[in-house]
2 protein chains.
Amino acid sequence: MKTAVAIVDDHYLMAQALAELIRRFNEYDVIFCAQSGRELQLQLDGKAKPEIVILDVHMADMSGQDIAGYLRQNYPDIKVLALSMMDDEQTIAQMIQQGARGYLLKGCRPSELRLALDDIRTKGYHYSDFLTKSLINQLNQPALAETKPLLNQRERDFIRLACSELIYVEIADKMCVSPRTVDGYRETVFEKLGVKSRQGLVMEAMRRGLI
Amino acid sequence: MKTAVAIVDDHYLMAQALAELIRRFNEYDVIFCAQSGRELQLQLDGKAKPEIVILDVHMADMSGQDIAGYLRQNYPDIKVLALSMMDDEQTIAQMIQQGARGYLLKGCRPSELRLALDDIRTKGYHYSDFLTKSLINQLNQPALAETKPLLNQRERDFIRLACSELIYVEIADKMCVSPRTVDGYRETVFEKLGVKSRQGLVMEAMRRGLI
DNA sequence: CCTAAATACGGGAAAATCCCCGTTGCGCAC
DNA sequence: GTGCGCAACGGGGATTTTCCCGTATTTAGG
């Protein structure tokens, strides 16, 4: 009996290619691919549920973290394997916190993907040395110790607007707050993300998949 | 007789997955995958040459443009199909200018990849409507009309340093020029890339794969 | 010799950003 | 009633960025 797998990746060609590779593993069958969190929701409404979802972390619509959180809340039996281009520890910690059972890089070998799927199927999780080390490094960060997310919704709103060519008074106007409030958001976000300039914020936000 | 294909993509898993998908096409055989321009050079020294190279545009080491230019100069019989996450017209024009015979997005369907490979094999190129439209849009840009690259080496150096948290006097120090010279670089680069702020520069540089 | 391109540098000032330090009002829990 | 957290806002000013306008030297081509 093959294990049902679904893939969520906004690059359709890459999702189909990955499906092809996984079908070669024999014990797994890719039952559908979705290009967004929304499409995943639609697929889950109709089709048979997958046992494992391979989830691209950086998505244009709903982020990988949001999708993982949605799955944990609505389909707790579905196990998530996160797949990412980058290995920043913050994102890894967030994905695990949202319920991902493993985290792989797109630069890994197919055998590592296979092993991850096998582990998730048999043990329920795949905790590679790399993943564990990232979490250990996060132990010294206050953000991980806290249960609430690092950034609240207004800070995320600010970040999204800051990653544009708008000046701060224009951002304040769009957020319907005083320019002074935006100054406050900036300081808080700079501190939380460990940056000290707006271009640094843009780069860090892209690195963490916040935009 | 199968057409020999090679894949250049720094994400090994995705390259292997793509290889698997292409092998399903029957008329094509993936003879090797390379994770960088340098590894591609090594592979070409030893193995049989591929007829077609599928080349990821945004690479960490040598860029897709550089690799395409290298292939055109050293292996003019090898045809390049560019593969990218993004569809900005500047990058498309540059890839075609460097000799790419087609340009696909990673969000396309496998059937489009198949058609592109078929066209390149039989006709020598695959000019999709989307690609042609991008080039037409570029006709009104002065950069395309010019034969030399949009950005010279010093401007690229500046951009790389500007995509950091250094302030401009620190950048001037690193480039061994006057801060006023850096002011000049900034204005030129802002104009050439069509941005008006440093964070805009960071985003555009990332979009165009300049860093 | 003239012209153009490449590379470097400068004056001046307005606008924007960043930094450090505060206050206020509301909702909620004890 | 009190204290805390959250969200919003403010004073003040130093620093940096951006914009607009210039000049100078060297090299190469016609």
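Since the model is a prediction, treat every value here as computed from it, not as a measurement.

About the cut-offs
Residues numbered from 1 in each chain as written. Chains lettered and ligands numbered in written order. Predicted model: local features only at pLDDT ≥ 70, side-chain atom pairs only at ≥ 80, totals over all residues. Heavy atoms only, no water. Helix = DSSP H or I, 4+ residues; strand = E, 2+ residues; numbered from the N terminus. Rg over C-alpha atoms; globule rule 2.2 N^0.38 Å. Buried < 20%, exposed > 50% of the residue type's maximum accessible area, 1.4 Å probe, protein only. Contact = heavy atoms within 4.5 Å. Salt bridge = Lys/Arg side-chain N within 4 Å of Asp/Glu carboxyl O. Polar contact = N/O pair within 3.5 Å; in protein donor to acceptor, adjacent residues only side chain to side chain. Nonpolar A, V, L, I, M, F, W, Y, C, P; charged D, E, K, R; others polar. UniProt positions renumbered as here; feature names shortened; annotations may be inferred. Pairing = 2+ DSSP bridges. Axes fitted to C-alpha atoms, helices over the stretch in contact; angles between N-to-C directions. Least-squares fit on C-alpha atoms with pLDDT ≥ 70 in both. Near = heavy atom within 4 Å. Phe/Tyr/Trp six-rings, centres within 6.5 Å; stacked < 30°, edge-to-face > 60°. Lys NZ or Arg CZ within 6 Å of the ring centre and 35° of its normal. Right-handed = clockwise from strand over helix to strand, strands pointing away.

Draft legend 1. View of the overall build of chain A. Looking only at helices and strands, chain A features eleven helices and five strands. Here the C-alpha atoms of chain A give a radius of gyration of 19 Å, agreeing with the 17 Å that 2.2 N^0.38 yields for 211 residues. Based on the C-alpha atoms only, the size of chain A along its principal axes is roughly 60 × 35 × 30 Å. The proportion of buried residues among the 211 residues of chain A is 54%. Excluding contacts between residues fewer than 6 apart, the proportion of contacts in chain A whose partners are at least 24 apart in sequence is 64%.

Draft legend 2. Region of interest: the interface of chain B and chain A. Taken together, the contact between chain B and chain A spans 36 residues of the former and 36 residues of the latter. Linking chain B with chain A are two salt bridges. Glu20 of chain B is the salt-bridge partner of Arg24 of chain A, the closest N and O atoms lying 3.0 Å from each other. Joining chain B to chain A, the criterion identifies 16 residue pairs in polar contact (both at pLDDT 80 or more). Those elements that place two or more of their residues in the side of chain B that touches chain A are helix H1 (12-23), helix H5 (110-122) and helix H11 (198-207) of chain B. Looking at the side of chain B that touches chain A element by element, the count peaks at eight residues for H1 of chain B. Of the residues in the side of chain B that touches chain A, the class split is 19 nonpolar, nine polar and eight charged.

Draft legend 3. Geometry of the UniProt feature "modified residue: 4-aspartylphosphate" (unreviewed entry) in chain A. Mapped onto the present numbering, the UniProt feature "modified residue: 4-aspartylphosphate" (unreviewed entry) falls at Asp56 of chain A. Looking at the element boundaries, Asp56 of chain A is found in strand E3 (residues 52-56).

Draft legend 4. Representation of the sheet that holds strand E5 (residues 100-105) of chain B within the structure. Residue and element names in this part refer to chain B. One open sheet holds the five strands; their spatial order is E2-E1-E3-E4-E5, and the pairing between them is parallel. Only two strands of the sheet have a single partner each, and these edge strands are strand E2 (28-34) and E5. Strand-to-strand twist in this sheet, taken as the mean axis angle between neighbours without regard to direction, amounts to 25 degrees. With four bridges connecting them, strand E1 (residues 3-8) and strand E3 (residues 52-56) associate as parallel partners. Bridge pairing links Val5 to Ile52 in E3. Running at roughly 170 degrees to E2, H1 makes contact with E1, E2, E3 and strand E4 (79-84) of the sheet.

Draft legend 5. Main features of the relation of the copies chain B and chain A. With an RMSD of 0.3 Å, the fit of chain B onto chain A corresponds to turning through 180 degrees and sliding 0.0 Å along the axis. In symmetry terms, the pair is related by a two-fold rotation axis.

Draft legend 6. Seen up close, the protein's contact with DNA strand D. Lining the immediate environment of DNA strand D, one finds 17 residues, of which Ser178, Thr181 and Tyr185 of chain A together with Tyr168 and Arg186 of chain B sit closest. Of all DNA strand D atoms lying within 4 Å of any protein atom, the proportion belonging to sugar or phosphate reaches 62%. The side chain of Asn152 of chain A places a nitrogen or oxygen atom 3.0 Å from a phosphate oxygen of DNA strand D. Take Glu187 of chain B: an N or O atom from its side chain is 3.3 Å from a base nitrogen of DNA strand D. Elements represented by at least two residues in the surface near DNA strand D include exactly helix H10 (179-193) of chain A together with helix H10 (179-193) of chain B.

Draft legend 7. Quick peek at the protein's contact with DNA strand C. Close to DNA strand C lie 16 residues; Tyr168 of chain A together with Ser178, Arg180, Thr181 and Tyr185 of chain B are nearest. Within 4 Å of the protein, the contacting atoms of DNA strand C are 62% sugar and phosphate, with bases supplying the remainder. In this structure, Arg180 of chain B approaches DNA strand C through a side-chain N or O atom, which is 2.7 Å from a base nitrogen. Within the residue set of the surface near DNA strand C, elements represented by two or more residues are H10 of chain A together with H10 of chain B. Here the residues of the surface near DNA strand C sort into five nonpolar, four polar and seven charged.

Draft legend 8. Inspection of the side chain of Ser84 of chain A at higher detail. Residues and elements named next belong to chain A. Note that Ser84 resides in strand E4 (residues 79-84). A polar side-chain atom of Ser84 sits 3.3 Å from a polar atom in the side chain of Tyr103. When sequence neighbours within four positions are dropped, the list of residues in contact with Ser84 reads Val57, His58, Tyr103, Leu104, Leu105 and Lys106.

Draft legend 9. Focus on the packing of aromatic side chains. Counting across every chain of the model gives eight aromatic pairs over all chains. Three or more aromatic residues joined by ring pairs make a cluster, and in this case those are Phe158, Tyr168 and Tyr185 of chain A. Looking at Arg109 of chain A, its charged tip hangs above the ring of Tyr12 of chain B, at a distance of 4.4 Å from the centre. Lying across the ring of Tyr168 of chain B, Arg198 of chain B places its NZ or CZ 4.9 Å from the centre.

Draft legend 10. Summary view of the pairing of strand E1 (residues 3-8) of chain A. Residue and element names in this part refer to chain A. Most of E1 is tucked away, with six of its six residues classed as buried. Of the two faces of E1, the one holding Thr3, Val5 and Ile7 and the one holding Ala4, Ala6 and Val8 are both buried throughout. Here six bridges tie E1 to strand E2 (residues 28-34), and the two strands are oriented parallel to one another. Across the sheet, Val8 pairs through a bridge with Ala34, a residue of E2. Handedness of the crossover joining E1 and E2 through helix H1 (residues 12-23): right-handed.

Draft legend 11. Structural context of the side chain of Thr3 of chain B. All names here are of chain B. Looking at the secondary structure, you find Thr3 in strand E1. What makes Thr3 buried here is its relative accessible area of 5%. The residues touching Thr3, leaving out its near neighbours within four places in the chain, are Glu27, Tyr28, Asp29, Glu51, Ile52 and Arg121.

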